[in-house]
Amino acid sequence: MKKSKRIETLDKRPVNKDGFINEWPEMGFVAMKSPYDPKPSVRVEDGVIVELDGKARADFDFMDQFIADYAIRIDRAEASMAVSSLDIARKIVNINVSRKEILEIVSGITPAKMAEIINYLNVVEMMMGMQKMRARRVPGNQAHITNLKDDPVQIAADAAEGALRGFSEEETTTGIARYAPFNAIALLIGSQAGRKGVLTQCAVEEATELELGIRGLTTYAETLSVYGTEKVFIDGDDTPYSKAFLNAAYASRGLKVRFTSGSGSEVLMGSSEQKSMLYLECRCLYVTKGAGSQGIQNGSVSCIGVAASVPSGIREVMGENLVAALLGLECASSNDQSFSNSDMRRTARTMLQFMPGTDFIFSGYAAEPNYDNMFAGSNFDAEDFDDYNVLQRDMQVDGGLRPVTEEQVIRVRWEAAKAVQAVFKYLGLTEVTDEQVEAVVYAHGSKDTLKRDVASDLMSADDLMKRGITGIDVVKALAESGFEELAESILEMLKQRVIGDYMHTAAILDEHFQVMSGVNTPNDYMGPGTGYRVDGRRWEEIKAIPHIIDPDDF
Amino acid sequence: MEINEELIQAITRAVMKEIDKNGQSGGGSLTGKTRMMPKTSYKGYPQAVKGSDPKEVVIGVGPAFQKEIKATITGIPLDDVLQNIRAGIEEEGMVSRVVKVLKTSDVCFMGLEAAKISGSGIGIGLQSKGTAVIHQKDLYPLSNLELFPQAPLITLDMYRKIGQNAARYVKGEKVTPIESVNDPMVRAKFQVKAALMHIKETEQVDPEIPMIEWGKA
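Residues take numbers from 1 onward in each chain, read along the sequence in its written order. For naming, the first written chain is A and the first written ligand is 1, with later ones following in the order written. With pLDDT at 70 or above as the cut-off, local features in this predicted model cover only qualifying residues; side-chain atom pairs require 80 or more to be listed or tallied, and sums for whole chains, interfaces and linings still use all residues.

### A few points about the overall build of chain A
Reasoning step 1: When helices and strands are counted, chain A shows 24 helices and 13 strands.
Reasoning step 2: Radius of gyration here uses only the C-alpha atoms, and the compact-globule reference equals 2.2 Å multiplied by the residue count raised to the power 0.38. Expected size for 554 residues packed as a compact globule is a radius of gyration near 24 Å; at 23 Å, chain A falls within 12% of this value.
Reasoning step 3: Referenced to the eigenvectors of the C-alpha coordinate spread, the extents of chain A come out at roughly 65 × 60 × 55 Å.
Reasoning step 4: Here, residue contact means that the backbone-derived C-beta atoms of the two residues sit within 7 Å. Look at the contacts in chain A between residues 6 or more apart in sequence, and 77% of them connect residues 24 or more apart. Secondary structure counts use DSSP, requiring at least four H or I residues in a row for a helix and at least two E residues in a row for a strand, with both numbered from the N terminus.

### Quick word on the overall build of chain B
Reasoning step 1: Scanning chain B from terminus to terminus reveals five helices and six strands.
Reasoning step 2: Ordering the α and β elements of chain B from the N terminus gives α-β-α-β-α-β-β-β-α-α-β.
Reasoning step 3: Neighbour density around each residue's C-beta defines its exposure: 20 or more other C-beta atoms within 10 Å make it buried, 12 or fewer make it exposed, and counts between make it partly exposed, where C-beta atoms are placed from the backbone. Expressed as a percentage of its 217 residues, the buried residues of chain B come to 48%.

### Details of helix α2 (residues 78–91) of chain B
Because an α-helix completes one turn every 3.6 residues, residues spaced three or four positions apart along the sequence face the same direction.
Reasoning step 1: What a helix is expected to span follows from its residue count: subtract one and scale by 1.5 Å. If you check α2 of chain B, its first and last C-alpha atoms are 20 Å apart, about what 14 residues at 1.5 Å a residue would give, namely 20 Å.
Reasoning step 2: Every buried residue of α2 of chain B is accounted for by Leu 78, Val 81, Leu 82, Asn 84, Ile 85, Arg 86, Gly 88 and Ile 89 of chain B.

### Quick notes on the packing of helix α7 (residues 123–133) of chain A against helix α16 (residues 313–326) of chain A
Residues and elements named next belong to chain A.
Reasoning step 1: Axes, fitted as lines to C-alpha atoms, cover a helix only where it is in contact. Angles between the N-to-C directions of the axes lie from 0 to 180 degrees. Running from N to C, α7 and α16 cross one another at 25°; their axes reach a closest spacing of 9 Å. Considering the angle they form, α7 stands roughly parallel to α16. The two elements α7 and α16 cross, and the hand of that crossing is left-handed. Residue-level contacts link Val 123, Met 126, Gly 129, Met 130 and Met 133 of α7 to Arg 315, Met 318, Gly 319, Asn 321, Leu 322, Ala 325 and Leu 326 of α16.
Reasoning step 2: Under this grouping Gly is polar, as are all residues other than the nonpolar Ala, Val, Leu, Ile, Met, Phe, Trp, Tyr, Cys and Pro and the charged Asp, Glu, Lys and Arg. Here the contact of α7 with α16 is built from residues that sort into eight nonpolar, three polar and one charged. An angle below 35 degrees is read as roughly parallel, one above 145 as roughly antiparallel, one from 65 to 115 as roughly perpendicular, and any other as oblique. Take the far helix as your reference; a near helix turned counterclockwise from it by less than a right angle gives a left-handed crossing, and one turned clockwise gives a right-handed crossing.

### Details of the sheet that holds strand β10 (residues 330–332) of chain A
Residues and elements named next belong to chain A.
Reasoning step 1: Strand order in the open sheet formed by four strands is β7-β8-β9-β10, and the pairing between neighbours is parallel. In this open sheet, the two edge strands, each paired with only one partner strand, are β7 (220–225) and β10. Across the sheet, the axes of successive neighbouring strands diverge by a mean angle of 30°, strand direction being ignored.
Reasoning step 2: Where strand β9 (residues 295–297) lies against β10, three bridges are found, and the strand directions are parallel. Strands were regarded as paired on the criterion that DSSP finds at least two bridges between them.

### Some words on the interface of chain B and chain A
Reasoning step 1: On the side of chain A, 40 residues touch chain B, which itself brings 37 residues to the contact.
Reasoning step 2: Element by element, the count of residues in the side of chain B that touches chain A is highest for helix α5 (residues 186–202) of chain B, at 11 residues.
Reasoning step 3: Its residues assigned to classes, the side of chain B that touches chain A shows 14 nonpolar, 16 polar and seven charged.

### Thoughts on α7 of chain A
Residue and element names in this part refer to chain A.
Reasoning step 1: Burial runs high along α7: eight of the 11 residues are buried.
Reasoning step 2: For α7, the set of buried residues is Met 126, Met 127, Met 128, Gly 129, Met 130, Gln 131, Lys 132 and Met 133.
Reasoning step 3: Where the residues of α7 are buried, they touch α4 (85–93), α5 (99–106), α16 and α17 (343–354).

### Remarks on the UniProt feature "domain: Diol/glycerol dehydratase large subunit" (unreviewed entry) in chain A
Reasoning step 1: Per the UniProt record, "domain: Diol/glycerol dehydratase large subunit" (unreviewed entry) is annotated on residues 2–553 of chain A.
Reasoning step 2: Taken end to end, residues 2–553 of chain A is 46% helix and 9% strand, and its two terminal C-alpha atoms sit 55 Å from one another. UniProt positions are given in the numbering used here, feature names are shortened, and annotations may be inferred rather than shown by experiment.

### Some remarks on the nonpolar core
Reasoning step 1: The biggest cluster of nonpolar side chains holds 214 residues, and the ones touching the most others in it are Ala 156, Ile 189, Ala 416 and Val 420 of chain A together with Ile 124 of chain B.
Reasoning step 2: Ile 189 of chain A has contacts with Ala 156, Ala 416, Ala 419, Val 420, Val 423, Val 474 and Leu 486 of chain A, leaving out every residue within four places of it along the chain. Connectivity within a nonpolar core runs through C-beta atoms within 7 Å, and the core itself is a set of buried Ala, Val, Leu, Ile, Met, Phe, Trp, Tyr and Cys residues.

### Details of the sheet that holds strand β2 (residues 95–101) of chain B
All names here are of chain B.
Reasoning step 1: With mixed pairing, the six strands of this open sheet are ordered in space as β5-β4-β3-β1-β2-β6. Strands with a single pairing partner mark the edges of an open sheet, and in this sheet they are β5 (146–148) and β6 (211–213). The mean inter-strand angle of the sheet, taken between neighbouring strand axes irrespective of direction, is 25°.
Reasoning step 2: By the bridge criterion, five bridges tie strand β3 (residues 122–126) to strand β4 (residues 132–136) in an arrangement that is antiparallel. The residue bridging Leu 126 from the neighbouring strand is Ala 132, located in β4.
Reasoning step 3: Contacts between α2 and the sheet are confined to β1 (56–61), β2 and β3, with β2 contributing the most and set at about 145° to the helix.
Reasoning step 4: Where helix α3 (residues 107–116) meets the sheet, its contacts fall on β1, β2, β3, β4 and β6, and the angle it forms with β3 comes to roughly 145°.

### Description of the packing of helix α2 (residues 62–71) of chain A against helix α14 (residues 277–290) of chain A
Residues and elements named next belong to chain A.
Reasoning step 1: One way to put it is that α2 packs onto α14 with a least axis distance of 9 Å and a crossing angle of 50°. As far as their axial angle goes, α14 and α2 are oblique. Relative to α14, the crossing made by α2 is left-handed. Contacts between α2 and α14 pair Met 63, Phe 66, Ile 67, Tyr 70 and Ala 71 from the former with Arg 283, Tyr 286, Val 287, Lys 289 and Gly 290 from the latter.
Reasoning step 2: Here the residues of the contact of α2 with α14 are counted per class, giving seven nonpolar, one polar and two charged.

### Side note on the environment of Ala 163 of chain A
All names here are of chain A.
Reasoning step 1: By the secondary structure assignment, Ala 163 is in helix α8 (residues 152–165).
Reasoning step 2: In sequence terms Ala 163 and Leu 199 are 36 residues apart; their C-alpha atoms lie 9.6 Å from each other.
Reasoning step 3: Beyond its immediate sequence surroundings of up to four residues, Ala 163 is in contact with Glu 170, Ser 191, Gly 194, Arg 195 and Val 198.

### Points about the pairing of strand β2 (residues 48–52) of chain A
All names here are of chain A.
Reasoning step 1: In terms of strand pairing, strand β1 (residues 42–45) meets β2 through four bridges, oriented antiparallel. Looking at the pairing, Val 44 lines up with Ile 49 of β2.
Reasoning step 2: Between the end of β1 and the start of β2, which pair antiparallel, lie two residues, with Asp 46 showing a positive phi angle near 50°.
Reasoning step 3: Bridging between β2 and strand β3 (residues 55–56) involves two bridges; their strand directions are antiparallel. Across the sheet, Leu 52 pairs through a bridge with Lys 55, a residue of β3.
Reasoning step 4: The turn joining β2 and β3, which pair antiparallel and follow one another in sequence, is formed by two residues; a positive phi near 45° is taken by Asp 53.

### Considerations on the environment of Ala 416 of chain A
Residue and element names in this part refer to chain A.
Reasoning step 1: Mapping Ala 416 onto the fold places it in helix α19 (residues 406–426).
Reasoning step 2: Residue classification places Ala 416 among the buried residues on the basis of 33 C-beta atoms within 10 Å.
Reasoning step 3: It is 9.9 Å that separates the C-alpha atoms of Ala 416 and Leu 188, two residues lying 228 residues apart in sequence.
Reasoning step 4: Once residues lying within four places of it in the same chain are set aside, the contact partners of Ala 416 are Ala 156, Ala 157, Ala 159, Ala 160, Ile 189, Gly 190, Ala 193 and Gly 194.

### Concerning unusual backbone geometry
Residue and element names in this part refer to chain A.
Reasoning step 1: At the junction of Ser 363 and Gly 364, the peptide bond is cis and its omega measures out at 0° in the coordinates.
Reasoning step 2: Residue placement: Gly 364 occurs in strand β11 (residues 363–366).
Reasoning step 3: Backbone geometry at Ser 300 places phi at a positive 70°, although glycine is not the residue there.

### Digging into the confidence of the model for chain B
All names here are of chain B.
Reasoning step 1: In the predicted model, chain B carries a mean pLDDT of 89, and 86% of its residues have values of at least 70.
Reasoning step 2: Every residue in residues 22–27 scores below 50 in pLDDT, and together they form nine contacts with partners more than four places removed in sequence or on other chains.
Reasoning step 3: Across the whole predicted complex the pTM is 0.93, and at the interface the ipTM reaches 0.85. Residue-level confidence of the predictor is summarised by pLDDT, bounded by 0 at the bottom and 100 at the top.

### Here we look at the environment of Arg 178 of chain A
Residues and elements named next belong to chain A.
Reasoning step 1: Checked against the element boundaries, Arg 178 lands in the loop between β5 (169–172) and α9 (180–194).
Reasoning step 2: A count of 22 C-beta atoms within 10 Å places Arg 178 in the buried class.
Reasoning step 3: In sequence terms Arg 178 and Phe 167 are 11 residues apart; their C-alpha atoms lie 26 Å from each other.
Reasoning step 4: Not counting chain neighbours up to four residues away, the residues in contact with Arg 178 comprise Leu 458, Ala 461 and Asp 462.

Below, the structure written as structure tokens:
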């Protein structure tokens, strides 16, 4: 066959490097609806759910039982299930029906019913729903702060810059697991150097993550993973009950926690039980709610390559974000993993959360170049900062970020790097040289920084854990090294755990350490003229992008 | 011959039965296909036992290794992968042994199972798609000494270094971990393929026969 130049050009487009697969329900490659998904049903006897989505109590797996016992309001179940799914779907979109009324109805429905409701909504209706159902009045954003070298100085500097740019939460992880305590400390210090009140976490193996939290080296946790089938839970050496205990362990020390789930994980683990991704994700979210978590990070997350490969997959991702909001959970809505070679496609995917606003639009945004993103790449990275700021300005949407100046960036990076250098010296950890500080402050990514002695760093990090270093030691080190203001900020962050208000749904802290959550600043959107609007000082801030034409220049 | 509704149904049933038997449908549609490969039975294979040689590093390979899957996600033959890891271990003066883990297809658990029966307490987990981990018997399952999560980026030279580093942990040396590699586009390019390969591997999981000796290399 003679080749078409048009087709040849199209074949070379980035989008054609992405992975696509036909629907295959037997293996779970189906987004919204599988022929094997159960039909919604519930039966209550003597205050106990004895039938859930077509299954009798005797046939429950541990997820069904957990959901039936803890995640559905039994007193509401029969009344809520009597409302048709189409009616509930319409109420979600109807601006005259309040968030509160919907939460009440939804509190009594089953996972299969929830999936059925979401199937009635197109993406614009889902966005309408999210605009109303998001827990916190003002949307927020979260950053990933990582680098290929696990360089703690770069973590601190990028955290400071990220905080300055507006992120309310910052998350790190490691290339090499044993770097965790260094990364956690660097993030804790750096974030406060950029903007007071930013929350930080270190996503690592669960027991280590808990220990870092208990020691006050992190201020929240997110990586409590739940899955949609019993088999995948068991493969992860877990049950819904063990997750509930872990959640309680954090709560006992006053730490904010959210769970993590996302469609596609069961497919990737080879145990989807032939169910749709949406139905399985509904089960995850019910378990999250039943375990008493205030929130969830979901939206396919690290399995986005699977969800995005099937028809209606990106719609499903938005659908599962909405399910989280409908259950009254804080929703950190993913956008945190690269999944497409096409700039057009990756941007379109993010608009579904960006335009209505979610509690955290990204969870998170790579605040470093993607080659340094140790979550294997985020959907947006540091090189997209200005694009993102322009999108906010174009559409008058609050995406949680703000334009900054070069002077500000250098100043906060410098302070964060010097503070880490001082703390490492005070605590007797590996040396941070002046040359390293200098390189990091002016760097874009780890390709511009110096090599560290990894073996010595790891021994020093192990030693730090053995010595029982806590957040208070970091405060002391800062205070006695001339960083009084930073010391005070970190002490304030530790005090939050005693106050406990930031454990409320969708809580973030402002620069005065005041909580803004779904409880004290709830979303009150009910159509035009209501809810959060971008105006006043915030709008001025969003407008002030760099590279604006000055008429006097002509 | 009269073609009626009944006959059409009978033919459809016969065809569907044939499809089910083969576990695949001939055309482009995947609907109805419930397996990727028939299950291999390892009944009668020697169960893996705990080693006593303190120089030993055990490599625990995945259930489909060198059988249903013969090359990594980027097409590196698994024979070569194993040969390089073993060479790395031996270059450091340690001894290698290969077992096939059948109870799980999770790389961390595979690595931990291998470490638990290793005479030194150090093991390597190796999935058929190429993902690898260096594990130690007393660590949490999802923790590790070194993890190489992005299989598409691992080269034969890196597999050799993985063997070398595992051996160095046995010797109690101050080990410099292999430098992290990262490709932020790896998910877009490989995740569907990774899912299919993992399904293939998970199909071969057999909880009845947890681990067997896998001398073949």
